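Given next are the chains, with one letter for each unit.
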Amino acid sequence: MRLSKVSFRYRRRDPFVIQGADAELAPGDIVELTGVNGAGKSTLLRLLAGLTRPTKGTIGGRPAVVGFAPDRFPTGQPFTVAAYLRHVSRMRGGARWEPWAERLHMEHLLATPLGELSKGGGHKVGLAQALMADPGLLIMDEPFAGLDAATRAVLPDLATEVAGRGGIVVVSDHQGGLRALPALRHWTVADGGLDEPSSPAPPPVPVPDELVTVTVQVPAGELPRFLARMRGEGYPAREIEESAR
Amino acid sequence: MTALTVFRLAAYVRSHRVFQSLLLALALLAVLHSSRAPRGEEAGVLADAAVLIVPVLAWSARSLLDTEPDRQRELSAVTVGGRGRELVAGLVAALVTCGALAAVGLAAALLLGTSARPSPGVLATGVAMHGLAALTGTALGALTSRAVVRSPALSIMGLVLGFLLMLLISASPAYWLTVPLVVWMRAANDGDLVARFPELAAVSLAWCVLALTLYAWRRLRH
C-alpha cells in the first residue's frame, strides 16, 4: 500500500490538515502513529481506511478487507452487543465473531444493549467488529483507551497475529501500548506533515530465555530521558501508572 | 450489501422510528379517505393519494437514513467495502420503507376511497404512480437527510419547502422541471391520466435520477 504526495483539507480555502504525505506500507507492517491532539491523526486514519478521498495525491494498493476500530464506538444504536455483531458478521459474509468476544473478554456483555455499555465495553465491540473478518488492513484509533488491563494485554498479540498473516496494522496510540513489539514502525503527524524518524524503533532485543521485571526509582524530572535511554538500548521500558505505584 | 440494507431496516424498526412514519401515514389516509369518492373518480382518488403521501414518504426516508449514527455509517462503509455500497444500501432500505408505506396508501385508496373497482388501465397507472411516489419520497428524504444537511431545522424546512416547491412548479408551465405532481392530479381529473402517463412518468423518473445523483455527489465528493 502506498501513499503518494497525499494532501487533504476539508474545504477549499481551509488550511491543509495533511500535506504531502509519502509513505509505503508492506504486508506485515505494524505502525504506531503519534502526534498531538488535532494534528490530523484521525484524518490520516480515515484516508487510509478509504473513508475520505485525498484532496491531492493518491493512495494505492489498499487491501480488499479493511477493519476499522474507532476511538469512540457509536453506542447509540437499538441493538444488543450480540445482535449487532451478528449483523456485522452477515455484512462480512458470515465471519465468525464468537472467538473475538472470548479473546476480548466481552462474553458477559453480549446481552447488554449497546446504549448501556461503558466506554471500554463499546471499545471492545468496535475492536471485535474490526477484527472478525481477518482484515488485510487493520486500523485502530486509540485502541488502549478505556480498556481493562486484561484486554490491553491482548492487543499487542492481536496486532502481531494480523501482521503475521500478511496484514498491515496502523494504530494511533498515545499510550505506547505496542512499544514492546520489536518491529514496530513509528509515524508522527505534526503541522500537517507525516514523518517517519530514520531510526524509530528500538533495535530488536534478542529474546532471552527468561525475562525479569525490575523496579528502578528515578526522579520525576529525569523520567522521560531515562525511559528514552532504556528504549534506545533495546529494553521495553515503561512508566508504571500512578495508581499502581 | 443486502446484509447492510437489512441492518438499516432492523435499526429503523427496533428504534421505533418506523411508527412515527406509520402513524403519520395512517392519520393522513384516515383524513383523505374519510368519505368515498363518487363512482367514476377512481383515477382522481388514486392520483390524489399518490401525491399527498409523498411528504410522509420523504419524512420516513429521511428518518430511516438518520437513524444510523454518523460514525456507524463510516464503520458500515468500511465493513461492506466502500462508501458507494453503503450509500446504495441506505437508499435501497429507504426505498423499501417508502414502498411499503406507499403500498399501505394504495390499499387504503382502493379499499376506502373508491366506490367502484378502477379499470385495469387506471389501476396499473395508480400502482405505477405510487411506485414513483416512493421513489420521489426516497429522493427528497435523502436530499434532506443529516449526511447532506447537518442542521435538523434546515433539514425539516428543506423537506417541507421542497415538497411545496414541487407542487408550485408542477402547477406552472415549467412542470417538467420537477416531479409533476399537480399535473398527475389534473390529468386524472380530466380523464387523460392513462394517456399522458408515459410522458409524466419519464419526467418524474428523470427528476428522481437527478436528485439521487446529486445526493450521491454530495455524499461522495470528499
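Within each chain, residue numbers correspond to sequence positions counted from 1 in written order. Chains and ligands are labelled by the order in which they are written, letters from A for the one and numbers from 1 for the other. Since the coordinates come from a predicted model, pLDDT governs what is reported: local features require at least 70, and pairs of side-chain atoms require 80 or more to be given and counted, while whole-chain, interface and lining totals use all residues.

Once that is clear, we can look at the overall build of chain B. Looking only at helices and strands, chain B has 10 helices and 0 strands in total. As a reference, a globule follows 2.2 Å times the number of residues to the power 0.38, and the radius of gyration itself is taken over C-alpha atoms. In terms of overall dimensions, chain B is globule-like: its C-alpha atoms have a radius of gyration of 18 Å, near the 17 Å expected for 222 residues. Referenced to the eigenvectors of the C-alpha coordinate spread, the extents of chain B come out at roughly 55 × 35 × 30 Å. What counts as a helix is a DSSP run of H or I of at least four residues, what counts as a strand is a run of E of at least two, and both are numbered from the N terminus.

Let us look at the overall build of chain A. Scanning chain A from terminus to terminus reveals 6 helices and 9 strands. On C-alpha atoms alone, chain A measures out to a radius of gyration of 19 Å, which is about the 18 Å that the 2.2 N^0.38 rule sets for 245 residues. Of all 245 residues assigned to chain A, the portion counted as buried reaches 35%. Contact between two residues is assigned when their C-beta atoms, built from the backbone, lie within 7 Å. The long-range fraction of contacts in chain A, counting pairs at least 24 apart against all pairs at least 6 apart in sequence, stands at 71%. Here a residue counts as buried when 20 or more other C-beta atoms sit within 10 Å of its C-beta, as exposed when there are 12 or fewer, and as partly exposed otherwise, the C-beta atoms being derived from the backbone.

Counting residues in hydrophobic clusters, the biggest one holds 124 residues, and the most contacted among them are Ala 128, Ile 139 and Val 169 of chain A together with Ala 47, Leu 57 and Trp 184 of chain B. Broken down by element, this core gets its largest block of residues, 11 residues, from helix 6 (residues 83–113) of chain B. An automatic or database domain assignment supplies the residue ranges for each domain. Taken domain by domain, this core gets at least three of its residues from each of domain 1 (1–65 + 134–201) and domain 2 (77–131) of chain A. Those residues in contact with Ala 128 of chain A that sit more than four places away from it in its chain are Leu 85, Trp 97, Trp 100, Ala 101, Leu 104 and Met 106 of chain A. The nonpolar core is taken to be a set of buried Ala, Val, Leu, Ile, Met, Phe, Trp, Tyr and Cys residues joined by way of C-beta atoms within 7 Å.

Next up on the list: the sheet that holds strand 7 (residues 168–172) of chain A. Residues and elements named next belong to chain A. Taken together, 6 strands build an open sheet; the order of strands is 5-6-7-3-8-9 and the sheet is mixed. The sheet terminates laterally at strand 5 (66–69) and strand 9 (193–195), the two strands that pair on one side only. Put simply, the sheet's adjacent strands are angled 15° from each other on average, direction ignored. Relative to strand 7, helix 5 (residues 149–164) is tilted by about 150°, and along the sheet it contacts strand 3 (30–34), strand 6 (137–141) and strand 7. Note on pairing: DSSP must find at least two bridges between two strands before they are called paired. Every axis corresponds to a line fitted to the C-alpha atoms, with the helix fit spanning only the stretch in contact, and the corresponding angles, defined between N-to-C directions, vary from 0 to 180 degrees.

Bringing the interface of chain B and chain A into the picture now. Across the contact, 19 residues belong to chain B and 19 residues belong to chain A. If you list the elements that add at least two residues to the side of chain B that touches chain A, you get helix 1 (2–14) and helix 5 (70–80) of chain B. Per element, the largest residue contribution to the side of chain B that touches chain A is 8 residues, and it comes from helix 5 of chain B. Its residues assigned to classes, the side of chain B that touches chain A comprises 10 nonpolar, 5 polar and 4 charged. Under the scheme applied, nonpolar residues are Ala, Val, Leu, Ile, Met, Phe, Trp, Tyr, Cys and Pro; charged residues are Asp, Glu, Lys and Arg; polar residues are all the others, including Gly.

All names here are of chain A. Look at helix 5: 24 Å from first C-alpha to last across 16 residues, which is about the 22 Å you get at 1.5 Å a residue. Bend angle per residue: angle between axes fitted to the 7 residues ending at that residue and the 7 residues starting there. Of all the bends in helix 5, the greatest reaches close to 25° and is centred on Leu 155; the proline Pro 156 follows between one and four positions later. Elements in contact with the buried residues of helix 5: strand 3, helix 4 (119–131), strand 6 and strand 7. What a helix is expected to span follows from its residue count: subtract one and scale by 1.5 Å.

Residue and element names in this part refer to chain A. One open sheet accounts for 3 strands, arranged 2-1-4; its pairing is antiparallel. If you trace the sheet from one side to the other, it starts and ends with strand 2 (18–24) and strand 4 (56–60), each paired once. The sheet shows a mean angle of 20° between the axes of neighbouring strands, taken without regard to direction. Where strand 1 (residues 2–8) lies against strand 4, 4 bridges are found, and the strand directions are antiparallel. From the neighbouring strand, Ser 7 faces strand 4, where its bridge partner is Lys 56.

A word on unusual backbone geometry. Not every positive phi belongs to a glycine, and Arg 13 of chain A is a case in point at roughly 80°. Its location among the elements puts Arg 13 of chain A in the loop between strand 1 and strand 2. The exposure class assigned to Arg 13 of chain A is exposed, which follows from the 5 C-beta atoms found within 10 Å. Not every positive phi belongs to a glycine, and His 16 of chain B is a case in point at roughly 70°. Structurally, the position occupied by His 16 of chain B is in the loop between helix 1 and helix 2 (17–32).

Our next topic: the domain arrangement of chain A. Quite often, the size of an interface is put as the accessible area lost when its parts meet. Each assigned domain of chain A is listed here: domain 1 (1–65 + 134–201), domain 2 (77–131) and domain 3 (210–245). Taken over C-alpha atoms, the centre of domain 1 of chain A sits 26 Å from the centre of domain 3 of chain A.

Attention now goes to helix 9 (residues 181–190) of chain B. All names here are of chain B. When helix 9 is considered as a whole, its buried residues turn out to be Leu 181, Val 183, Trp 184, Met 185, Ala 187 and Ala 188. Contacts made by the buried residues of helix 9 are with helix 3 (42–52), helix 4 (54–67), helix 7 (120–143), helix 8 (152–170) and helix 10 (193–220). Where helix 9 ends, the next residue or the one after it, Gly 191, has phi of about 80°, a positive value.

Attention now goes to the packing of helix 2 (residues 81–91) of chain A against helix 1 of chain B. Running from N to C, helix 2 of chain A and helix 1 of chain B point in directions that differ by 155°, and their axes come no closer than 8 Å. Classed by the angle they form, the pair helix 2 of chain A and helix 1 of chain B counts as roughly antiparallel. In this structure, helix 2 of chain A contributes His 87, Arg 90 and Met 91 of chain A to the contact, and helix 1 of chain B contributes Ala 3, Leu 4, Phe 7 and Ala 10 of chain B. Split by residue class, the contact of helix 2 of chain A with helix 1 of chain B holds 5 nonpolar, 1 polar and 1 charged. Note on terminology: angles under 35 degrees are roughly parallel, angles over 145 are roughly antiparallel, angles of 65 to 115 are roughly perpendicular, and the others are oblique.

Glancing now at the environment of Pro 156 of chain A. Residues and elements named next belong to chain A. If you trace the backbone, Pro 156 turns up in helix 5. In this structure Pro 156 comes out as partly exposed when scored by C-beta crowding, with 18 C-beta atoms within 10 Å. Distance in space between the C-alpha atoms of Pro 156 and Val 36 is 22 Å, their sequence separation being 120 residues. Look past the residues within four positions of Pro 156 in its chain and what remains in contact with it is Gly 177, Leu 178, Ala 180 and Leu 181.

Below, the discussion takes up the UniProt feature "transmembrane region" (unreviewed entry) in chain B. The feature "transmembrane region" (unreviewed entry), as annotated in UniProt, sits at residues 86–110, 122–144, 156–177 and 197–217 of chain B in this numbering. Segment residues 197–217 of chain B splits into 100% helix and 0% strand. End C-alpha atoms: 30 Å apart. UniProt positions are given in the numbering used here, feature names are shortened, and annotations may be inferred rather than shown by experiment.

Taken together, the 4 bridges between strand 1 of chain A and strand 2 of chain A define a ladder with antiparallel strand orientation. Looking across to strand 2 of chain A, one finds that Arg 2 of chain A is bridged to Glu 24 of chain A.

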